[in-house]
Amino acid sequence: MIFLQKQLNADAQETGANATEGLETVAATTTSPVEAEAATVAAEAVTIETENVVADAPAPTAPVAIVEDVVAEAPIAETLAQEVAEATPVVAAAPVQETIATAHDDFDWTIDKRNVSVYKQSEREKYDKVYDDTFKQITDGTMILGMVVGLTKTDAVINIGFKSDGLISLNEFRDAPVKVGDEVEIMVVEKEDREGHLHLSRKQARITRAWERIVDAHKTGEVVTGSVTNKTKGGLIVDVFGMETFLPGSQIDVKPVTDYDQFVGKTMEFKVVKVNETIKNAVVSHKALIESDIEAQRAEIMAKLEKGQVLEGTIKNITDFGAFMDLGGLDGLLYITDISWGRINHPSEVLKLDQKLNVVVLDFDDDKKRISLGLKQLTPHPWDVLPETITEGEVVKGKVVNIEDYGAFLEILPGVEGLVHVSEITWANTPVNAKEFFKLNDEHEAKVVTLDKDTRKMSLSIKQMTQDPWNTIEDRFPIESRHKGTVKNITPYGVFVELESGIGGMIHISDLSWLKRLNHPSEYTKAGEAIDIIILNIDKDNRKLQLGHKQLEEDPWNSLGQTFPIGSVHEGTVLKKDDKGAVVSLPYGLEGFAPARHLAKEDGTVIASDETNSFLVIEFDRNEKRIVLSHARIWERAKAEEVEAEKKEKRVEAEKTQKVVKQIQSKVEKATLGDLSALADLKKKLEIDENKG
């Protein structure tokens, strides 16, 4: 019995070995890696089952039992090998060899020595389909749901229904830890990487889904929620759906933001305003949401606005021309002229940032969303409540708030101003420059000259604060009285001199000097200099004084005619020259004029500037105060005198000759022909000499 059992065990092992050998042969000869792997797995299964059969064989206790057990257990290995062979597709079946008949009628004779079954083509196609249907069809980049089937210290094992499982690093689950049995959405990066592993990624799946949601939000205008992760150049980085987006600094708030750090770590709502499909980049805006809310508030406020309506607002910005106020979502402009009834140089003198004020609506434009506001309109106009003490003839005190060429405005009360015209500054008729007399913010007392509450105008006078000095002008400044004054102003036609406050007159340019011919009064005096004057005339009605300066001395031209008679020669220096001639300085401070042709020298040159030479007086006009000089006449006259002297000498010689001839003729009683010829020659010679002379 023991031998029989050993024999049966040996047969079973041989059968299992043959089956395993057949499956390994299929694995070696097949061309499909999937089919080869399946055949290898089947061979391993056959080997294991065969070993189990041998191991499980019962120990011999009785001959009958042993025989029955052997008969019962012998077909197990054969049946298992047959099942594996049927389940394993064969690509190329080996030639069927003729089997030798045995005593076992139930043995599968289609299995050759390698335990490979022969299948029909239809069966093979059926089994191939069954095998392929056990796996999912996936491609690289596919988004798919996977199940966590295992966890290691570093990775999660993900089953996606493929022939093998994939690993995903636990770092990709830091935001949402997982456990075995959880389903997660992942992306198939590669079905088979360089090492033949399935490459999966949850991070790329999240980024892809996030980008799809961001693009949809951009198209639909959906409001998204994101977390500000960190600051970057020009703005902030915002995590939206697990993807980083850019929030520019200008899109954080409607107000300028300088401190970006205050937003880091905050969760806020945003609107996707721009996407770039190429580089997968998105720009979000928080400002757009605020503006949309503000626009809704604006529409609501504008619908309720009325002129004259009083609203409460907050000063949000101050400029040179006014202040912008927040009316609760709608901005309004409070112009500088509507802040106060009085004059202000800048709104900051009255207003402060974030200050809350009640203002009145002056005007608004629905289309342009502009609202004009007023602050001073909440109080009565100062002219309407002007104190009764301010009347014509009363003295008031005011501050200079504006200066123009024609005068200055004094603010008597906030919003109540009066004009001091330049003619009301001083009693003098000399022109007064208001910008030199007045200074901004200076205070002056003035008398109210006119007052018109209807037109809200007031004229003031400073000079009327004192008595009119012209009432007693003849007593203090009689004609021909001499005084000392100060040059206040110089014009091309004269000099204005102030004798005392409110009293002054003009010296005409012709009354400055007896001797000098002036082109401009500035050649004689300067503003601010003291000058002696004499009163020439008083025009009380027109409030004018005619002054003189040269009249302080006698007219030197009365005696100059004897000093500079025509034909007299004097030393002179050329002061200046032009095309017409030269001005020559003469003794006693006198000046003369030498025409250009009279500046010629005997050697053919011309007298130059600053050159001193002799000049002949050729004209003297006392009335016109004019002396005409000539240098050329001097040497021309000398030449003429030489020629005249020579002629005179020749005439004297000719007269002497004639006397001699007459004496000779009187002594000769009768002339001979020879004498007559000699006399004729002598006469002819005398005539020639006379003609030359």
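Residues numbered from 1 in each chain as written. Predicted model: local features only at pLDDT ≥ 70, side-chain atom pairs only at ≥ 80, totals over all residues. Heavy atoms only, no water.

Draft legend 1. A look at the overall build of the chain. The secondary structure content of the chain amounts to 12 helices and 30 strands. By the burial criterion, 35% of the 693 residues in the chain qualify as buried. Of the roughly 42000 Å² of accessible surface on the chain, a fraction of 50% belongs to carbon and sulfur atoms. (Helix = DSSP H or I, 4+ residues; strand = E, 2+ residues; numbered from the N terminus. Buried < 20%, exposed > 50% of the residue type's maximum accessible area, 1.4 Å probe, protein only. Areas by Shrake-Rupley, 256 points an atom, 1.4 Å probe, with all protein chains shown as cover.)

Draft legend 2. Here's a closer look at the sheet that holds strand β20 (residues 457–461). Strand order in the closed barrel made by the five strands is β16-β17-β18-β20-β19, with mixed pairing throughout. When the angles between neighbouring strand axes are averaged without regard to direction, this sheet yields 50 degrees. In terms of strand pairing, strand β17 (residues 407–413) meets strand β18 (residues 416–421) through six bridges, oriented antiparallel. Bridge assignment links Phe409 to a residue of β18, and that residue is Leu419. (Pairing = 2+ DSSP bridges. Axes fitted to C-alpha atoms, helices over the stretch in contact; angles between N-to-C directions.)

Draft legend 3. Broad picture of the pairing of strand β4 (residues 183–190). Pairing analysis gives five bridges linking strand β1 (residues 143–151) to β4, with the strands arranged antiparallel. Bridging across to β4, Met147 finds its partner in Glu183.

Draft legend 4. Representation of the side chain of Thr319. Position of Thr319 among the secondary structure elements: in the loop between β11 (310–318) and β12 (322–326). Dropping the residues within four chain positions of it, Thr319 is found in contact with Phe324, His346 and Pro347. (Contact = heavy atoms within 4.5 Å.)

Draft legend 5. Up close: the pattern of salt bridges. Taken as a whole, this structure holds 19 salt bridges when the rule is applied. The partner of Glu185 in a salt bridge is Arg209, and the shortest N-O contact between them spans 2.6 Å. Taken as a pair, Glu185 in strand β4 and Arg209 in helix α6 (residues 202–220) lie far apart in primary sequence, 24 residues in all. For Arg209, a relative accessible area of 31% corresponds to the partly exposed category. Here Lys488 and Glu498 are joined by a salt bridge, their closest N and O atoms 3.6 Å apart. Residue Lys488 is found in strand β21 (residues 482–491), and its partner Glu498 is found in strand β22 (residues 494–500); the two are separated by 10 residues along the sequence. The class of Lys488 is partly exposed, set by a relative accessible area of 48%. Look at Glu498 and you get partly exposed, because its relative accessible area is 27%. Each of Glu185, Arg209 and Glu212 takes part in salt bridges that share partners, so that together they form one network. (Salt bridge = Lys/Arg side-chain N within 4 Å of Asp/Glu carboxyl O.)

Draft legend 6. Just the packing of aromatic side chains, in detail. Taken as a whole and assessed by the stated rule, the structure comprises three aromatic pairs. Ring centres 6.1 Å apart and planes at 90 degrees place the aromatic pair Phe321 and Phe324 in the edge-to-face group. Taking the centre distance of 4.9 Å and the plane angle of 75 degrees together, the rings of Phe437 and Phe438 count as edge-to-face. For Phe437, a relative accessible area of 38% puts it in the partly exposed group. (Phe/Tyr/Trp six-rings, centres within 6.5 Å; stacked < 30°, edge-to-face > 60°.)

Draft legend 7. Fine view of the sheet that holds strand β15 (residues 370–374). Strand order in this closed barrel of five strands is β11-β12-β13-β15-β14, and the pairing throughout is mixed. Strand-to-strand twist of the sheet, defined as the mean angle between neighbouring strand axes without regard to direction, takes the value 50 degrees. Two strands pair when backbone bridges link them, and β11 and β12 are joined in this way by four bridges, in the antiparallel orientation. For Thr314, the partnering residue across the bridge sits in β12 and is Asp326.

Draft legend 8. Highlighting unusual backbone geometry. One non-glycine residue with positive phi stands out, namely Asn441, at about 75 degrees. Of note, Asn441 is situated in the loop between α8 (434–437) and β19 (443–452). For Asn441, a relative accessible area of 48% gives the class partly exposed. The backbone of Arg543 sits at a positive phi, close to 55 degrees, despite the residue not being glycine.

Draft legend 9. Quick look at the environment of Leu590. Turning to its location among the elements, Leu590 is positioned in the loop between β27 (581–585) and β28 (591–595). Taking the C-alpha atoms as reference, Leu590 lies 9.9 Å from Gly572; in sequence the two are 18 residues apart. Apart from residues lying up to four places away in sequence, Leu590 is in contact with Leu515, Trp557, Leu560, Phe564, Val584, Ser585 and Ile627.

Draft legend 10. Broad picture of the pairing of β27. β27 sits mainly inside the fold: four of its five residues count as buried. By the bridge criterion, four bridges tie strand β26 (residues 569–577) to β27 in an arrangement that is antiparallel. Within β27, the residue paired with Val574 across the bridge is Val584. Linkage of β26 to β27, two consecutive antiparallel strands, is achieved through a turn of three residues. Sheet analysis places β27 next to β28, joined by five bridges and oriented antiparallel. Note that in β28 the partner of Val583 across the bridge is Phe593.

Draft legend 11. Broad picture of the confidence of the model for the chain. Per-residue confidence for the chain averages 78 on the pLDDT scale, and 77% of its residues sit at or above 70. Note that pLDDT drops below 50 for residues 1–97; the model gives that stretch 106 contacts with residues more than four away or on any other chain. (pLDDT = per-residue confidence, 0-100.)

Draft legend 12. Up close: a negative patch on the surface. A cluster of like negative charges, contributed by Glu602, Asp603, Glu641 and Glu642, occupies part of the molecular surface. Here Asp603 shows up in the loop between β28 and β29 (612–621). On the basis of relative accessibility, which here comes to 60%, the residue Asp603 falls in the exposed class. (Patch = residues over 30% accessible without salt bridge, like charges linked within 9 Å, V, L, I, M, F, W, Y side chains within 5 Å. Lys, Arg positive; Asp, Glu negative; His and termini not counted. Charge placed at Lys NZ, Arg CZ, Asp CG, Glu CD.)

Draft legend 13. Region of the structure containing the environment of Leu545. Its location among the elements puts Leu545 in strand β25 (residues 544–548). In this structure Leu545 comes out as buried when scored by relative accessible area, which is 5%. Along the backbone, Leu545 and Ile503 are 42 residues apart, and their C-alpha atoms lie at a distance of 8.4 Å. Apart from the residues within four sequence positions on either side, Leu545 is in contact with Trp470, Ile473, Leu499, Ile503, Gly504, Gly505, Met506, Asn537 and Ile538.

Draft legend 14. Quick look at the side chain of Glu424. Take Glu424: it is sitting in the loop between β18 and α8. Of the polar contacts made by the side chain of Glu424, one reaches the side chain of Ser461; its length is 2.5 Å. Sequence-distant contacts of Glu424, defined by excluding residues within four places in its chain, comprise Leu460, Ser461, Ile462, Lys463 and Gln464. (Polar contact = N/O pair within 3.5 Å; in protein donor to acceptor, adjacent residues only side chain to side chain.)

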